[in-house]
Amino acid sequence: QQQVKQSPQSLIVQKGGISIINCAYENTAFDYFPWYQQFPGKGPALLIAIRPDVSEKKEGRFTISFNKSAKQFSLHIMDSQPGDSATYFCAASVAGNQFYFGTGTSLTVIP
Amino acid sequence: DTAVSQTPKYLVTQMGNDKSIKCEQNLGHDTMYWYKQDSKKFLKIMFSYNNKELIINETVPNRFSPKSPDKAHLNLHINSLELGDSAVYFCASSQAGASLGHFGAGTRLSVL
């Protein structure tokens, strides 16, 4: 059973555009929602994270939007750059004890 | 200085063999994990150890046996390797209750 559902599976964006990746969950016990970026041949790297008491968190060009009632959260990458081309994973955890990952989104930013 | 290091980076072996993957973290974290990433890049937790004690075992065949000699090390031993074990295995660490922020570079296991 997939605890966190992620879409789209792949995404192609022009340089300078906005990349949007969406995730949804069912378990209302989840209290921590991180996003990870993974380049080929590397391990996932923590990008940005949010807790459900906040509706939005921004770090540089990366923003997480969180909708607690809809049990959805999304990653927005503003001014997307070719260097952002990677696979992005959303995740969810309960008290930081076990992390469930989405199925990943392969982002390609075209110059 | 690598925070979470795994060895080997690549592992090619025949079906039926036994192999081990080693993981070490120098961050002082008390929790370590093994994740399996399949060919579709799906990341699935296998094991979690907190202070050398197993706290999560996610329906992993008992051919997989984690060993934690101390809280800085979590090794993965796999017996009787099968074709379906081919994947990339990631070690990770965190402080309990905090974000899962540190993954190793992965070990690509190919079973022939």
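### What to know about the overall build of chain A
Along its length, chain A carries 0 helices and 11 strands. Counting from the amino terminus, chain A carries its helices and strands in the arrangement β-β-β-β-β-β-β-β-β-β-β. At 13 Å, chain A has a C-alpha radius of gyration in line with the 13 Å of a compact globule built from 111 residues. By its C-alpha atoms, chain A is 40 × 30 × 20 Å across when sized along the principal axes. In chain A, the share of contacts with a sequence separation of at least 24, taken over all contacts with a separation of at least 6, comes to 53%. If you sum the accessible surface of chain A, you get close to 5,200 Å²; carbon and sulfur atoms cover 50% of it. Distance from the positive charge centre (9 side chains) to the negative charge centre (7 side chains) of chain A: 3 Å.

### Describing the sheet that holds strand β7 (residues 64-70) of chain B
All names here are of chain B. Strands sit in the order β1-β3-β8-β7 across an open sheet of 4 strands; the sheet is antiparallel. Whereas interior strands pair on both sides, the edge strands pair on one side only; in this sheet they are β1 (4-7) and β7. Taking the axes of each pair of neighbouring strands and ignoring which way they run, one obtains an average angle of 20° across the sheet. Where β1 and strand β3 (residues 19-25) come together, 4 bridges link them in antiparallel fashion. Its bridge partner being in β3, Ser5 is matched across the sheet by Glu24.

### Considerations on the sheet that holds strand β8 (residues 72-77) of chain A
All names here are of chain A. Here 5 strands make up an open sheet; going across it, the order is β1-β3-β8-β7-β6 and the pairing antiparallel. The sheet terminates laterally at β1 (4-7) and β6 (56-59), the two strands that pair on one side only. Geometrically, the sheet is characterised by an average inter-axis angle of 15° between neighbouring strands, direction not taken into account. Sheet topology note: the strand β3 (residues 19-25)/β8 ladder contains 6 bridges and is antiparallel. What sits directly across from Ala24, in β8, is Gln72.

### As for the interface of chain A and chain B
Contacts between chain A and chain B engage 21 residues on the former and 20 residues on the latter. Taken over both partners, the interface formed by chain A and chain B buries close to 1,600 Å², and the fraction arising from carbon and sulfur atoms is 52%. Secondary structure elements with two or more residues in the side of chain A that touches chain B: β4 (33-38), β9 (86-93) and β10 (99-101) of chain A. Class assignment of the residues belonging to the side of chain A that touches chain B gives a composition of 9 nonpolar, 10 polar and 2 charged.

### Concerning the state of the cysteines
Residue and element names in this part refer to chain B. Summed over the entire model, instances satisfying the criterion amount to 2 disulfides over all chains. Covalent S-S linkage joins Cys23 and Cys91, the inter-sulfur distance amounting to 1.8 Å. Here the S-S torsion is close to -75°, and the disulfide linking Cys23 with Cys91 is therefore left-handed. Taken together, the residues Cys23 in strand β3 and Cys91 in strand β9 (residues 87-94) connect sequence positions 68 residues apart. Judged by relative accessible area, Cys23 falls into the buried class, the value being 1%.

Calculation criteria
Residue positions are given per chain, counted from 1 along the sequence in the order it is written. The naming scheme follows written order: chains are lettered A onward, ligands numbered 1 onward. Restriction of local features to residues with pLDDT of at least 70 applies here, the model being predicted, together with a cutoff of 80 or more for giving and counting side-chain atom pairs; totals for whole chains, interfaces and linings are based on all residues. Here the side-chain values reflect all heavy atoms present in the structure, with hydrogen atoms and water set aside. The numbering of helices and of strands both runs from the N terminus, where a helix is a DSSP run of H or I of at least 4 residues and a strand a run of E of at least 2. In this setup the radius of gyration rests on C-alpha atoms only. A globule is expected at 2.2 Å times the number of residues raised to 0.38. The criterion used for residue contact is that any of the two residues' heavy atoms lie within 4.5 Å. Areas reported here follow the Shrake-Rupley algorithm with a probe of radius 1.4 Å; residue values treat only the protein chains shown as occluding. Only four residue types enter the tally: Lys and Arg on the positive side, Asp and Glu on the negative side, with His and both chain ends excluded. One atom stands in for each charge, and that atom is NZ of Lys, CZ of Arg, CG of Asp or CD of Glu. Only strands that DSSP links by at least two bridges are regarded as paired with each other. Throughout, an axis means a line fitted to C-alpha atoms (over the contacting stretch in the case of helices), and angles, computed between N-to-C directions, take values from 0 to 180 degrees. We define buried area as the total accessible area lost by two parts upon association, computed with a 1.4 Å probe and summed across both. Throughout, the ten residues Ala, Val, Leu, Ile, Met, Phe, Trp, Tyr, Cys and Pro are labelled nonpolar, Asp, Glu, Lys and Arg are labelled charged, and all others, Gly among them, are labelled polar. Pairs of cysteine sulfur atoms within 2.5 Å are identified as disulfides in what follows. For every residue, the accessible area obtained with a 1.4 Å probe (protein chains only) is divided by the maximum for its type, and the residue is called buried under 20%, exposed over 50%, and partly exposed between those limits.

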